[in-house]
Structure formats: C-alpha cells, structure tokens
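The residues making up each chain are set out below.
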Amino acid sequence: MIIRPRRLRRTATIREMVKETRLSIKDFIAPLFIKHGQGIKDPISAMPGQYQFSADTVIEEVQELWSLGIPSVILFGLPDKKDEVGSRSWAEDGVVQRAVSAIKEKVPEIVVITDVCLCEYTDHGHCGVIRNGQIDNDPTLELLARQAVSHAKVGADFVAPSDMMDGRVAAIRKALDEESYQNTGILSYAVKYTSAFYGPFREAADSAPQFGDRASYQMDPPNVLEALKEAELDTEEGADIIMVKPAMPYLDIISRVREFSLLPLAAYNVSGEYAMIKAAEMNGWLDGNKAMMEMLTAIKRAGADLILSYFAKEAARKLTPDC
Ligand SMILES: [Zn+2]
C-alpha cells in the first residue's frame, strides 16, 4: 500500500496540523435572557446552566463572557407586561433597552445584538399583529421597525429580526436610516424554520403562542430552495449578516446558503440542541463535553462563520485564545 491515510492520524500533533476546521472563541455569540426586575438570576429548568437575568445582574455575566474572549451577545427580553401589539418592546425603559445601556456602559467593546420580535411581548405569543385570527404581515413591520430603532438608540450594534414577516429587513433598514442610525447593522434570521427544537426557549423567553403555531410565517422544514430565496431577499433588503436556524438538524441548509451567499453566515445552535446534550449527559448516556465540541465543529464545518450557542461559555473555556 502506497497511500495510507492513517499516517496523518498517527499522533495528536499530526492530527492538529492537518485539521481542516478550527473552532475559535471569536466564532461565538452568546444568547442572554433579560427579565424585568432587579437582582435576578433565575435558572431555566429545561436549559441547565442557563439563566434569566435582570438588567443589573447580566453585567457580571457579560463581563465574564468578554474576559473569556467571546466577542458578542444577543439579548432577548421578558417584559413586565404583555399586550396585544407588544408595546413594551419599543419602550424607552423596556427591559432590553435598559440592559443594552448598562452593558454598553460597563463593557463598551462587546458587540451587542438585540433580538427584534413581538412574540415575547404580545399576550397571544405570536410574532406579529393579529387581524381576524391571522398574523397580519404589513402592520407588523412598523412595530418591528419601531422596536429596532429603540434598540439602536440605546447603542445596540446590530438588530436581529427573528419574526419571519416578509419585507421586515427593508422596513427596519429604512427606519434606522431615517433616524440616522446608518451604522447600526442588521443580522437577519433569514432562514428560520418552524421547529420542535425551539421547545426549551419558549420556557426561557415565556413566548409560547397561545393558539395555533408559527407555521404560517416560519419556514417548512422540507424546503431548501425556499431557504436560498429567503437569504437572497434579506440580502437585497439590506441585511449585513444572515442566519440559519436551527443549526444541527439543518447542516445541509447551512452548507447550501454558505455557497450561495456573499454575506457572513450565522447559525443558531438552538435551545433543543443544547437541552438534548445536557439531558443525555445528566443521564450518563454520553460525554457532554465531547458531544458539545463535535456538534459545534460540525456547524462550523458545514459553513457557519458565526455560531449563536448556549454552549458559548463552556466551549470558550475549552478553546485556546487566538494568538
Ligand atoms: Zn418571535
């Protein structure tokens, strides 16, 4: 035998030299849940190791993430009260607005991304306005734009619309520019599938829909061409970074969108992907650390440039900072 691939697998050092995919701490964006109130750090039962913070306690967490080398966080808000249109989502004293100000004051260099959606703020739990029992697309756009501007005003670096309404990236871009926030970027959840893997997040963000499901606006899991169409539309509308969500069951989609798009591509390693590994680890069914690193590496290998993950902190501890 002349060709023996095993020669390149013989020692750990050789394997390290020929490694084709390298995870970096700089790949990660850590999701954080912000609750109304003070002094809060409530554990989320379906996501062991994750918490709901108040705008004051989240600072410590952000400082720790930053000291580990994690470049960015994305914030989700749990408001004090909900209503039909989600009006607390654009309030000046809203939960996310206060958290962004506090983070930007204490850790100014960390890149703060804010999730933009209505579902955490509406009493019905849907991502848009309801008219005649339907999620009404166009009236929703103005509310999303108002929310995005309120985040830009307090210093968010990027706003991240996750609602899946048609035309929302263009509406947000226009509103930001009109208010002179030309430098606030848009990370769009361009390719977001309707998914059972979001289950634990709904407890974390208290955002379960009170009737029906989200299949009329989130994408249908069997579709691939539709993912490319959504990626193209959001790009034309002015997105700076696009995202595929979820990640692990959609590696083929990450790969296809990566080949298709010229924008940086993020993938969201969602709550269910996190919870599955945690649950199996707690039962002694697999090695949680190894499964975590294998999964994150696979997401990067598929083509993700950035990974939103609840594992960000744990993974960062295992990776050496870049020289
Ligand atoms: Zn939503």
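Described in the following lines is the structure provided in the data block. (Residues numbered from 1 in each chain as written. Predicted model: local features only at pLDDT ≥ 70, side-chain atom pairs only at ≥ 80, totals over all residues. Heavy atoms only, no water.)

Turning to the overall build of the chain, a few remarks are in order. Counting secondary structure elements, the chain contains 11 helices and 12 strands. Whereas a compact globule of 323 residues would reach a radius of gyration of roughly 20 Å, the chain reaches 20 Å, a difference of no more than 12%. Relative to its 323 residues, the chain shows a buried fraction of 54%. In the chain, once contacts between residues fewer than 6 apart in sequence are set aside, the share between residues at least 24 apart is 74%. With the model as given, the accessible surface of the chain reaches about 14900 Å², and the carbon-plus-sulfur share is 51%. (Helix = DSSP H or I, 4+ residues; strand = E, 2+ residues; numbered from the N terminus. Rg over C-alpha atoms; globule rule 2.2 N^0.38 Å. Buried < 20%, exposed > 50% of the residue type's maximum accessible area, 1.4 Å probe, protein only. Contact = heavy atoms within 4.5 Å. Areas by Shrake-Rupley, 256 points an atom, 1.4 Å probe, with all protein chains shown as cover.)

Bringing the nonpolar core into the picture now. Among the nonpolar cores identified, the biggest contains 108 residues, and Leu32, Phe33, Leu75, Val191, Ile254, Val257 and Tyr268 are the most heavily contacted of them. For tyrosine 268, the residues in contact, after removing those within four places along its chain, are Pro31, Phe76, Tyr189, Phe201, Met243, Val244, Lys245, Pro246, Ala247, Glu273, Leu308 and Tyr310. (Core = buried A, V, L, I, M, F, W, Y, C linked by side-chain atoms within 4.5 Å.)

A few words now on the pattern of salt bridges. Considering all chains together, one arrives at 21 salt bridges under this definition. For aspartate 42, the salt bridge identified is with lysine 35, shortest N-O distance 2.8 Å. A residue is classified by how much of its surface remains accessible, and lysine 35, at 24% relative accessible area, is partly exposed. Here aspartate 305 ties to arginine 258 by a salt bridge, and the two come within 2.5 Å at their closest N and O atoms. On the criterion of sequence distance, the pair formed by aspartate 305 in the loop between α10 (288–302) and β12 (306–309) and arginine 258 in helix α8 (residues 251–260) is long-range, its members being 47 residues apart. The exposure class of aspartate 305 is partly exposed, given its relative accessible area of 33%. Through salt bridges with shared partners, a single network forms among Glu61, Glu64, Lys313 and Arg317. (Salt bridge = Lys/Arg side-chain N within 4 Å of Asp/Glu carboxyl O.)

We now examine the packing of helix α7 (residues 225–237) against α8. Geometrically, a packed helix pair is captured by the angle between its two axes and the distance between the axes. Where α7 contacts α8, the two axes come as close as 10 Å, and the packing angle between them is 45°. Considering the angle they form, α7 stands oblique to α8. Where α7 crosses over α8, the two elements pack in a sense that is right-handed. Here α7 contributes Leu225, Ala227, Leu228, Ala231 and Glu232 to the contact with α8, which in turn contributes Ile253, Arg256, Val257 and Phe260. Among the residues making up the contact of α7 with α8, the classes are represented as seven nonpolar, no polar and two charged. (Axes fitted to C-alpha atoms, helices over the stretch in contact; angles between N-to-C directions. Parallel < 35°, antiparallel > 145°, perpendicular 65-115°, else oblique. Left-handed = near helix turned anticlockwise from the far one by under 90°. Nonpolar A, V, L, I, M, F, W, Y, C, P; charged D, E, K, R; others polar.)

Between its first and last C-alpha, α10 extends 21 Å over 15 residues, near the 21 Å set by a 1.5 Å rise per residue. Next to the buried residues of α10 lie β1 (28–35), α8, β11 (265–269), α9 (271–282), β12 and α11 (312–318). In this structure aspartate 287 caps α10, since a side-chain oxygen of it lies 3.1 Å from the backbone nitrogen of asparagine 289. Directly after α10, the chain includes glycine 303, whose backbone phi takes a positive value near 135°. (Expected span 1.5 Å × (residues − 1). Polar contact = N/O pair within 3.5 Å; in protein donor to acceptor, adjacent residues only side chain to side chain.)

So, on to the pairing of strand β3 (residues 51–54). Bridge analysis of β1 against β3 gives three bridges, and the strand direction is parallel. Paired with isoleucine 34 across the two strands is phenylalanine 53, which belongs to β3. Looking at chain direction, strand β2 (residues 41–43) and β3 are connected through three bridges and run antiparallel. For proline 43, the partnering residue across the bridge sits in β3 and is tyrosine 51. (Pairing = 2+ DSSP bridges.)

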